[in-house]
Every structure is written in C-alpha cells, then in structure tokens.
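Structural overview for review
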Amino acid sequence: RHNDFYKTASVKVMGKKPGSFISKRGRAITYALTIPRNAPNRENAIEFVKFLLGNQGREIIMRDGQGSISPALASGFSNLPEELKPLCKPE
C-alpha cells in the first residue's frame, strides 16, 4: 500500500563501466521462503509454513509492523505440497 511512497526514494550506484551510474528506485520488500526438496523434516517444515501463512502467523507478522500478502504468491504453485495450496495462489 506504500509503493508510491517507496518509489520517491532513489539512489545512484556504480554501473558496469567506470564512471557510470545506475539509478535504483525504492520499492516494497517482499519476503520469501521455501522448503528444500531434501528437507530432513519435511512434515514439520510444512506445518511451520502453514503457521506462517495462516491467520495466527499473519497476525503476528502484521503486529510486528510487516505487511502480509494473503493469499501468499507462490512461484511454482503446481510443485507446492497439497497442504499449502489453499494458503497460496500462483504468482
């Protein structure tokens, strides 16, 4: 909801060539998470993600001053564990 405000910030960083610069504009920070395919405790990892994306987890995140995207955007939605699909939508 603050994207227009974030865009007002800009910074110049060095470009690829000496003496050249690139301007970068501000934008909202989006957090991401994943469960590795070879996670040693996949079931608990799924439960943790369900907690984070569920009502209680989103309330905690928002109470601590962070925004929440609900449902969460999922890259590779078809690869998600079935238990997580109700909490997400394809990116």
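In this text the structure is predicted, and so the values were computed from the model without any measurement. (Residues numbered from 1 in each chain as written. Predicted model: local features only at pLDDT ≥ 70, side-chain atom pairs only at ≥ 80, totals over all residues. Heavy atoms only, no water.)

What about the packing of helix α2 (residues 42-53) against helix α3 (residues 55-63)?
As a reminder of what qualifies: Only the stretch in contact is used when a helix axis is fitted, and all axes are lines through C-alpha atoms; the angle between N-to-C directions ranges over 0 to 180 degrees. Only runs of H or I of at least four residues qualify as helices and only runs of E of at least two qualify as strands under DSSP, and these elements are numbered from the N terminus. Here the word oblique covers every angle except those under 35 degrees (roughly parallel), over 145 (roughly antiparallel) and from 65 to 115 (roughly perpendicular). Note on contacts: a residue pair is in contact if any heavy atoms of the two residues lie within 4.5 Å.
Closest axis-to-axis distance for the α2/α3 pair is 4 Å, and the angle between their directions is 60 degrees. With respect to α3, the axis of α2 lies oblique. Contacts between α2 and α3 pair F51, L52 and L53 from the former with N55, Q56, G57, R58, I60 and I61 from the latter.

Things to note about the pattern of salt bridges
What counts, and what does not: Salt bridges are identified by distance alone: a Lys or Arg side-chain nitrogen within 4 Å of an Asp or Glu carboxyl oxygen.
For the structure on display, the rule yields 2 salt bridges. Residue E82 is joined to K85 by a salt bridge in which the shortest nitrogen-to-oxygen separation is 3.0 Å.

A few points about the confidence of the model for the protein chain
The test is simple: pLDDT expresses, on a scale from 0 to 100, how confident the predictor is about each individual residue.
Residues at a pLDDT of 70 or more form 100% of the protein chain, whose mean pLDDT is 92. Taken element by element, the predicted model of the protein chain shows its lowest mean pLDDT in helix α1 (residues 3-6) (89) and its highest in α2 (96).

Section: the nonpolar core
For the record, the criterion: Definition of nonpolar core: a set of buried residues of the types Ala, Val, Leu, Ile, Met, Phe, Trp, Tyr and Cys, connected through side-chain atoms within 4.5 Å. Throughout this description, buried means an accessible area under 20% of the type-specific maximum (1.4 Å probe, protein chains only), exposed means over 50%, and partly exposed covers the range between.
The biggest cluster of nonpolar side chains holds 10 residues, and these are I35, A39, I46, V49, L53, A72, A74, L80, L84 and C88. Secondary-structure elements contributing two or more residues to this core are α2 and β3 (72-74). In terms of residues, this core owes the most to one element, α2, which gives 3 residues. The contact partners of L53, leaving out residues within four places of it in the chain, are R58, A72, L87 and C88.

A few points about the pairing of strand β1 (residues 10-14)
Selection rule: Pairs of strands are assigned from DSSP output, requiring at least two bridges between the strands.
As defined by bridge partners, β1 adjoins strand β2 (residues 21-25) across 5 bridges and the pair is classed as antiparallel. Across the sheet, residue S10 finds its bridge partner in β2, namely R25. Hairpin connection, β1 to β2: the antiparallel pair is bridged by 6 residues, and G19 has positive phi, about 85 degrees.

What about α2?
Residues three or four positions apart in an α-helix share a direction because the helix packs 3.6 residues into each turn. Using the following cut-off: For a helix, the expected span equals 1.5 Å multiplied by the residue count minus one. Regarding the arc, it is the one traced by the directions from the helix axis to the C-beta atoms.
In a regular helix each residue adds 1.5 Å, so 12 residues correspond to 16 Å; α2 covers 16 Å between its end C-alpha atoms and thus fits that length. What α2 keeps buried is the set I46, V49 and L53. Buried positions in α2, seen along its axis, are confined to an arc of 65 degrees and lie on one side of it. Residues of α2 that are buried in the fold lie against α3, β3 and β4 (88-90).

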